[in-house]
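Architecture at a glance
The chain contents come next:
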Amino acid sequence: MTPADLSRTVVRAVRCAVEDGELPADAVVPDRVVVERTRPGGVGEYATPVAFQVARSARRAPGEVAAVLARRLEVADGIERVEISGAGFLNFVLRKRSVADLLREIHAQGIRYGCAPDPDPDPAPDHAPDHAPDRERDRDLAAVPAPRAEVRARVVRDALLRIAATQGSTPNATEPAPSTAPTPDTVPTPSTVPTPNTVPTPDTAPNIAPVPAREGDVVARFGVDAAAWAMLAVAPHESPVFAERLLAQDESNEFFRVRYAHSRARALTRNAAQLGFESLPGEVVGEDALLRVLAEHPLALEAAAYHRAPERFVRQLVELADALLDFQCRVLPQGDEKPSAAHRSRLAVAEAAGTVLAGGLTLLGMDAPERL
């Protein structure tokens, strides 16, 4: 179970608890649940404050809501154990997932790895569809300040649209995203818990800092992709930095490292073919850093969509690229060594990382070169 799967599983548990009468019928079922890594010293791998999110509308104490949800979640596929900490935080111990299963999932989904599953198709409607949600969505998108003269607003908006689409939604551009999720260290109050369908106002429109006038034509100076990278690498309200290292073809340039790591993954596949072997998902020992980043990619993508924070996704790609570059030298046989099952498994890991990098660059609107 991926973190994104866990988030959706918790939402289903809330919905079923309401439908079965364990929670009041008027309790609000959230559209999305915050799932984050457990803090040091915590229980399990992930935790969520969903009980606080539901407690207000359910008119129950968060601990009571957490107890109801814990009973349901304990029997869910992929969850080993659920524990309640603090005033109602749910902590999850997940069942161990094999490396081979992770790699097969990435291979099957390709660059869509991390995207929310497509909803089941609805039966043919017996009445005209309601286009009001579409009109409301278009109104919200139009509220994003994107005049023709301001390139960064367009870059940020377009990236957010693509990222949000991976989660089956369109971002409400005028609703402020919560700055941080509640954690066991800070018990949230009803006013701090994000709730769905908050009505936006013009005063809460996002502040997208423009490219400083002193920078001049950054697209002409750095190229489309490098300039866009600089615009997305910092939070929308912060001014982007256009340093000369954006043009550097070395490890000092994060943008170069991400694209280079992708090209290296593709080169490893070509080189392996020349040596007469292909990838085959299997167990890989001692590569925890790369496998961890791959497994957490869906959560990073979902978090970027939820918080409307493309810079979070940029950081995820940099971390993945760095882990892959550290790993690449152990993929192919060395000297007189013959290709083995271990080489095939490691090649599968490298190919999976390359696929995820390609999908990430595509979501940011950038090219993923096969050779660099």
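A quick note: this is a predicted structure, and the numbers were derived from the prediction, not measured. For every chain, the first residue of the written sequence is number 1, and numbering continues from 1 onward in sequence order. Only residues with pLDDT of 70 or above have their local features reported here, since the model is predicted, and side-chain atom pairs are shown and tallied only from 80 upward, although totals for entire chains, interfaces and linings are computed over all residues. Side-chain measures were taken over the full set of non-hydrogen atoms in the model, leaving aside hydrogen atoms and water.

**Comments concerning the packing of aromatic side chains**
The relation between two aromatic rings is expressed through the spacing of the ring centres and the mutual angle of the planes. The pairing test for Phe, Tyr and Trp rings, Trp by its six-membered ring, is centres within 6.5 Å, and the orientation test on the planes gives stacked under 30 degrees, edge-to-face over 60, and tilted for anything in between. Evaluated as defined, the whole model comprises four aromatic pairs. Measuring from centroid to centroid gives 4.7 Å for Phe52 and Phe89, while their planes differ by 50°, and the two rings are tilted. Placement of the pair is Phe52 in helix α2 (residues 50-58) and Phe89 in strand β4 (residues 89-94), with a sequence separation of 37 residues. We note that Phe52, like Phe89, is buried. Ring plane angle 10° and centroid distance 5.4 Å describe the contact between Phe256 and Tyr260, whose orientation is recorded as stacked. With Phe256 and Tyr260 both in helix α9 (residues 254-274) and four residues apart, this pair spans about one turn of that helix. For the cation-ring pair, Arg32 lies above Tyr306, with the distance from its terminal atom to the ring centre recorded as 4.0 Å. A run of H or I in DSSP becomes a helix once it reaches four residues, and a run of E becomes a strand once it reaches two; helices and strands are each numbered from the N terminus. Partly exposed describes any residue whose relative accessible area lies between the buried limit of under 20% and the exposed limit of over 50%, with all areas from a 1.4 Å probe on protein chains only and scaled to the type maximum. Two limits define a charge over a ring: the Lys NZ or Arg CZ must be within 6 Å of the ring centre, and within 35 degrees of the ring normal.

**What about the packing of helix α4 (residues 99-109) against helix α10 (residues 288-307)?**
The axes are straight lines fitted to the C-alpha atoms, using for helices just the contacting stretch, and the angles between their N-to-C directions are given from 0 to 180°. Closest axis-to-axis distance for the α4/α10 pair is 11 Å, and the angle between their directions is 50°. Between α4 and α10, the angle is such that the two are oblique. Judged by the twist between their axes, the crossing of α4 over α10 is left-handed. Contacts between α4 and α10 pair Val99, Leu102 and Ile106 from the former with Leu291, Leu294 and Ala295 from the latter. Its residues placed into classes, the contact of α4 with α10 shows six nonpolar, no polar and no charged. Under this scheme an angle from 65 to 115 degrees is roughly perpendicular, one under 35 degrees roughly parallel, and one over 145 degrees roughly antiparallel; angles in between are oblique. Rotating anticlockwise by less than a right angle from the far helix to the near helix defines a left-handed crossing, while the corresponding clockwise rotation defines a right-handed one. Every residue pair with non-hydrogen atoms within 4.5 Å of one another is taken to be in contact. Polarity classes work like this: nonpolar for Ala, Val, Leu, Ile, Met, Phe, Trp, Tyr, Cys and Pro, charged for Asp, Glu, Lys and Arg, and polar for all others, with Gly in that last group.

**Digging into the nonpolar core**
Throughout, nonpolar core names a set of buried Ala, Val, Leu, Ile, Met, Phe, Trp, Tyr and Cys residues whose side chains join them through atoms within 4.5 Å. One finds Trp229, Phe242, Leu290, Leu294 and Leu324 to be the most contacted residues of the largest nonpolar core, which totals 65 residues. Contributions of two or more residues to this core are made by α4, α6 (151-165), α7 (218-222), α8 (224-232), α9, α10, α11 (310-327) and α12 (341-363). Membership of the second largest hydrophobic core comes to 30 residues, among which are Val14, Val18, Val35 and Leu73.

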